[in-house]
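Structural description and commentary
Each chain is listed here by its residues.
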Amino acid sequence: WAISTSPEGAIDVPESDIHGPLHRHVIAPVLQAARRAHPCGITRRAFYSAHADKCLTCELYLPFSTILEPDKPLRCILLLPGANGTANTFDSTRHGTDLTQTYQHYAEERGFALVTVESYVRGGQYGDVTAPLGRTAPTRPDDPENPFGRTPGELEDISRSGQSVLDTLDFAFEQCPQIDRSRVYAVGLSMGGMGVVSLGVRHPELFAGLVAIAGMPCLDCLDLSPIAEVPLLYLFGSEDLGGQDFMLYAVRTLKRHLKRFSYKVSGGAVHGFEWQPYTRQIFDWIDSVAASEDGRASGHTH
């Protein structure tokens, strides 16, 4: 028996042999070895961060195509859980959710790598020095570096929490060279939504798009001009305990400052559950953003 491969290295298996001895004794062991060399699916990783001076954990999801098409660029979604979340918060396969509602399903279908971040400390806010929009008023409105009068220890934790996101992203780039660094999209839930906006403001060059779910920083304390051209999608539930007033304020403020802003309301959703019914729409939105960028690059408009 002979095994032929395409120029890209993909194994070409005759359909009639898929259940025969060739597959069982030759093809399957080769694929298993390739998977060990190039892990796909959900993997938990730990790495040392010099900025945090501790080991950080993250969860990576790499689609199966990374084995058969190792040179194909992957878009990447950076997932930021809420304050009570962990790196597997967005792994809804572990919570009995229908597979069609998981990020992993659409990542596999559309060729995405997923990188889920854990904050440096619980409630570390991913570098956001504000408070949740509508929760409390700033005590130092004229101090953009510390508008809520946080202690030096709190500011240090917040700073390291933000740096942990950047360190995790760098680690993901090292682990998966196929990631297209110009196509990284940040998606955050609750505190993660605050972190998405705050990280976007501080590092707009890193992200091709931002999705904030059920969380928004104090917008009056942020200079939104760095993300004026960055696409941003805001999702919130009609029954969010945070209240509708602050969500409407966020929509009006973001529409005024951002040129590529859109939002969706999840009817009946309480805080933290908006991401499940809108998983497919988030991927659709990212696809539309990518198509728009491709159109701009080629000189066409959409």
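Residues numbered from 1 in each chain as written. Predicted model: local features only at pLDDT ≥ 70, side-chain atom pairs only at ≥ 80, totals over all residues. Heavy atoms only, no water.

Turning our attention to the packing of aromatic side chains. Across all of its chains, the model carries seven aromatic pairs by this definition. Seen in terms of ring centroids, Tyr-234 and Phe-236 are 5.1 Å apart; in terms of plane orientation they differ by 45°. Their pairing is tilted. Taking the relative accessible area as the measure of exposure, Phe-236 reaches 5% and is therefore buried. With 6.4 Å between their ring centres and 10° between their planes, Phe-236 and Tyr-263 make a pair best called stacked. Taken together, the positions of Phe-236 in strand β9 (residues 232–237) and Tyr-263 in strand β10 (residues 261–266) put the pair 27 residues apart, joining distant regions of the chain. Here Tyr-263 falls in the partly exposed class, since its relative accessible area comes to 41%. Connected via pairs of aromatic rings, a cluster forms that spans Tyr-103, Tyr-106, Phe-112 and Phe-283. (Phe/Tyr/Trp six-rings, centres within 6.5 Å; stacked < 30°, edge-to-face > 60°. Buried < 20%, exposed > 50% of the residue type's maximum accessible area, 1.4 Å probe, protein only. Helix = DSSP H or I, 4+ residues; strand = E, 2+ residues; numbered from the N terminus.)

Inspection of every chain in the model, using the stated rule, returns eight salt bridges. Asp-287 is the partner of Arg-75 in a salt bridge, and the nearest nitrogen-oxygen pair spans 2.8 Å. Taken as a pair, Arg-75 in strand β5 (residues 74–80) and Asp-287 in helix α7 (residues 279–297) lie far apart in primary sequence, 212 residues in all. For Arg-75, a relative accessible area of 17% puts it in the buried group. Of the charged contacts, one joins Arg-110 and Glu-109 as a salt bridge, the two residues approaching to 3.2 Å between their closest N and O atoms. One connected set of salt bridges, linked through shared partners, spans Arg-75, Glu-109, Arg-110, Arg-280, Asp-284 and Asp-287. (Salt bridge = Lys/Arg side-chain N within 4 Å of Asp/Glu carboxyl O.)

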